[in-house]
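Next come the chains, spelled out residue by residue.
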Amino acid sequence: MSQPVASHLLPTYNRAPIAFERGEGAWLEATNGERYLDFGAGVAVTALGHAHPALVKALTEQAQKVWHNSNLYQSPQGEALAAKLCENSFADVVFFGNSGAEALECAMKMARKFHAARGAPERYRIITFEGAFHGRTMANLAAQNKYLEGFGPPLEGFDQVPFGDHKALEAAIGPATAAILIEPIQGEGGIRVVPPQCLRGLRALCDKHGLLLIYDEVQTGIGRTGRLFAHQGQGADPDIMAVAKGLGGGFPMGACLATKAAAAGMVAGTHGSTFGGNALAMACGNTVIDTVTDPAFLEHVRHVALNLRQRLAALHDQHPHIFAELRGEGLMLGLRLKVPVAEMVDAARAQHLLVIAAGDNVVRLLPPLIITDAEAAEAVARLDRAATALERAHHLEGVA
Ligand SMILES: *Cc1c(COP(=O)(O)O)cnc(C)c1O
């Protein structure tokens, strides 16, 4: 029942048997009129929730002016958004694309070009980590060493090491190494947090060996952790960073941020994107960043995240046969399960709560950043009912 029999959509997704036609804040209304509490946010994309008034206004106002100009002309809105991203991060320059995958392509090309432009083109290899997810382009597949089967020879130049294995990491660094690429919190991999001391260790290793440090903050960025970017305040800034998902608040866009030094090789003609920096995307991106960089907004995220986390910790303890571990930071939280995660996603949807599966048998909660305390409590109440239903289905009730 995953797709209508006569679907003309390429069946690469297992779609749930439900469609939504409108939304407001953290709530979605299905085509049958039923309301769902959205704790997936379209995979961490609708950071400001659905139909946020400021975003609707920005997009519709821009739509009446001009949609697209290409990168052959000046982009005042692109300049404005890039300036805001740089003022609020380690970066000096920004390249706009249309997705996370493309932001990472730009990041990886930039890292290779950095060394090539300094007369060391033999330094092109990038170290990545097991469990990583960087997207679906050919380079992304090779980088994450996943979903490669049947797609021919993978792009050469990646060395993957086990997550958290410092010895293997040091051993992987050689004369051909250009960069280290890491998600500060693995998203698809199961909400696995990289501790701050490890990020600082990576920074030190990169400095020691002349490598570039690349963060994939496609999922962790744009306020999700209660900081604008997950790595901030941890004493380990990157040289290059990929951002996407929440950046457009639901409008497709991505960005590659970099220091001037790291971007030195990316001169005119070295990279491009027809749609990148599109006027509609910039209107949305500017609005999202203006909203999320308000200190009161990030304070709200931290407050409601703590509330949600405490409730989830209690829920975890109440269902020891269902939940194995609570993970994550801010509003990027995961519960590792003792029952198959697909069953939990379905059981939650039966309670009209949308959550997302991740690797390592983890169910992910990625609500819009604008959720209230009451909505956090409601989501946990629905998860509680879902867990109880699963206990019954697995004859686990009363065992605790
Ligand atoms: C979603 C994601 C990507 C890929 O982004 P797309 O927009 O789907 O191309 C890359 N890295 C991370 C960490 C992600 O979560």
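Just so we're clear, the structure is a prediction, and the values are computed from it rather than from any experiment.

Looking at the overall build of the chain
Okay, so step 1: Counting its secondary structure elements, the chain contains 11 helices and 17 strands.
Okay, so step 2: For 400 residues, the compact-globule estimate of 2.2 N^0.38 gives 21 Å, and the chain sits close to it at 21 Å.
Okay, so step 3: Seen along its three principal axes, the alpha-carbon backbone of the chain occupies a region of about 65 × 55 × 45 Å.
Okay, so step 4: Of the contacts formed within the chain by residues at least 6 apart in sequence, a portion of 72% connects residues at least 24 apart.
Okay, so step 5: For the chain, the exposed area adds up to about 17,800 Å²; of that, 56% sits on carbon and sulfur atoms.
Okay, so step 6: Averaging the locations of the 34 positively and 40 negatively charged side chains of the chain gives two centres separated by 2 Å.

Quick notes on the domain arrangement of the chain
Often, the extent of an interface is quoted as the loss of accessible area upon association of its parts.
Okay, so step 1: With domains assigned, the chain is organised as domain 1 (20–52 + 295–393) and domain 2 (66–292).
Okay, so step 2: Spacing between the C-alpha centres of domain 1 and domain 2 amounts to 27 Å.
Okay, so step 3: Contact with domain 1, which involves 27 residues of that partner, is made by 25 residues of domain 2.
Okay, so step 4: Contact between domain 1 and domain 2 buries roughly 2,200 Å² in total, counting both sides, with carbon and sulfur atoms accounting for 62%.
Okay, so step 5: Per-residue buried area on domain 1 facing domain 2 is highest for L298, E329 and M332; these three make up 29% of the total on that side.

Some words on the packing of helix 9 (residues 295–318) against helix 11 (residues 373–393)
Okay, so step 1: Contact pair helix 9 / helix 11: the axes reach a minimum separation of 9 Å and the direction vectors enclose 20 degrees. Between helix 9 and helix 11, the angle falls in the class roughly parallel. Every pair of crossing elements has a handedness; the one defined by helix 9 and helix 11 is right-handed. Along the contact surface, helix 9 presents H303, V304, N307, L308, R311, L312, L315 and Q318, while helix 11 presents D373, A376, A377, V380, L383 and D384.
Okay, so step 2: Taken together, the residues of the contact of helix 9 with helix 11 break down into eight nonpolar, three polar and three charged.

Quick notes on the environment of A176
Okay, so step 1: The topology assignment puts A176 in the loop between helix 6 (166–172) and strand 7 (177–182).
Okay, so step 2: In this structure A176 comes out as partly exposed when scored by relative accessible area, which is 22%.
Okay, so step 3: Every residue in contact with A176, bar those within four places of it in the chain, is listed here: E122, R123, Y124 and R125.

Regarding the sheet that holds strand 3 (residues 35–38)
Okay, so step 1: Spatial strand order, 1-2-3-15: four strands in an open sheet with mixed pairing. Edge positions in the sheet fall to strand 1 (20–24) and strand 15 (353–354), since each has one partner strand and no second.
Okay, so step 2: Two strands pair when backbone bridges link them, and strand 2 (residues 27–30) and strand 3 are joined in this way by three bridges, in the antiparallel orientation. When the sheet's bridge partners are listed, L28 is paired in strand 3 with Y36.

Some remarks on the sheet that holds strand 13 (residues 323–329)
Okay, so step 1: An order of 13-14-17-16 is seen for the four strands of this open sheet, with the pairing classed as antiparallel. Every other strand in the sheet has two partners, leaving strand 13 and strand 16 (356–358) as the edge strands with one partner each. Pairs of neighbouring strands in the sheet enclose a mean axial angle of 30 degrees, with direction left out of account.

A closer look at the site of the ligand
Okay, so step 1: Lining the immediate environment of the ligand, one finds S99, G100, A101, L104, F133, H134, G135, E183, D216, V218, Q219 and K245.
Okay, so step 2: At a separation of 2.7 Å, an oxygen atom of the ligand approaches a polar backbone atom of A101.
Okay, so step 3: At 2.7 Å, a side-chain N or O of D216 approaches a nitrogen atom of the ligand.
Okay, so step 4: Look at the ligand: alone it shows 380 Å² of surface, and the protein chains cover 81% of it.
Okay, so step 5: Looking at the shell around the ligand element by element, the count peaks at three residues for helix 4 (residues 100–117).
Okay, so step 6: Of the residues assigned to the shell around the ligand, the class counts are four nonpolar, five polar and three charged.

Thoughts on the side chain of R349
Okay, so step 1: Here R349 shows up in helix 10 (residues 341–350).
Okay, so step 2: Those residues within four positions of R349 in sequence are excluded, and the remaining contacts are A16, P17, I18, Y36 and L354.

Things to note about the packing of helix 10 against helix 11
Okay, so step 1: Contact pair helix 10 / helix 11: the axes reach a minimum separation of 8 Å and the direction vectors enclose 125 degrees. Taken together, helix 10 and helix 11 sit at an angle that is classed as oblique. At the point where helix 10 passes helix 11, the crossing takes the right-handed sense. Taken together, the residues of helix 11 that come into contact with helix 10 (itself represented by E343, M344, A347 and A348) are L383, A386, A387 and L390.

Describing helix 9
Okay, so step 1: With 24 residues, helix 9 ought to run about 34 Å at 1.5 Å a step, and its terminal C-alpha atoms sit 35 Å apart, in line with that.
Okay, so step 2: All of the buried residues in helix 9 are F297, L298, V301, V304, A305, N307, L308, L312 and L315.
Okay, so step 3: In this structure, the buried residues of helix 9 make contact with helix 8 (279–292), strand 13, strand 14 (332–337), strand 17 (362–365) and helix 11.

Describing unusual backbone geometry
Okay, so step 1: Positive phi, close to 65 degrees, is recorded for V43, a residue that is not glycine.
Okay, so step 2: Looking at where V43 falls in the secondary structure, it is placed in helix 1 (residues 41–44).
Okay, so step 3: Phi at Y147 takes a positive value of approximately 60 degrees, unusual for a residue other than glycine.
Okay, so step 4: Mapped onto the secondary structure, Y147 falls in the loop between helix 5 (138–144) and strand 6 (158–161).

Conventions used here
Residues numbered from 1 in each chain as written. Predicted model: local features only at pLDDT ≥ 70, side-chain atom pairs only at ≥ 80, totals over all residues. Heavy atoms only, no water. Helix = DSSP H or I, 4+ residues; strand = E, 2+ residues; numbered from the N terminus. Rg over C-alpha atoms; globule rule 2.2 N^0.38 Å. Contact = heavy atoms within 4.5 Å. Areas by Shrake-Rupley, 256 points an atom, 1.4 Å probe, with all protein chains shown as cover. Lys, Arg positive; Asp, Glu negative; His and termini not counted. Charge placed at Lys NZ, Arg CZ, Asp CG, Glu CD. Domains from an automatic or database assignment. Buried area = accessible area lost by both parts, 1.4 Å probe. Axes fitted to C-alpha atoms, helices over the stretch in contact; angles between N-to-C directions. Parallel < 35°, antiparallel > 145°, perpendicular 65-115°, else oblique. Left-handed = near helix turned anticlockwise from the far one by under 90°. Nonpolar A, V, L, I, M, F, W, Y, C, P; charged D, E, K, R; others polar. Buried < 20%, exposed > 50% of the residue type's maximum accessible area, 1.4 Å probe, protein only. Pairing = 2+ DSSP bridges. Near = heavy atom within 4 Å. Polar contact = N/O pair within 3.5 Å; in protein donor to acceptor, adjacent residues only side chain to side chain. Expected span 1.5 Å × (residues − 1).

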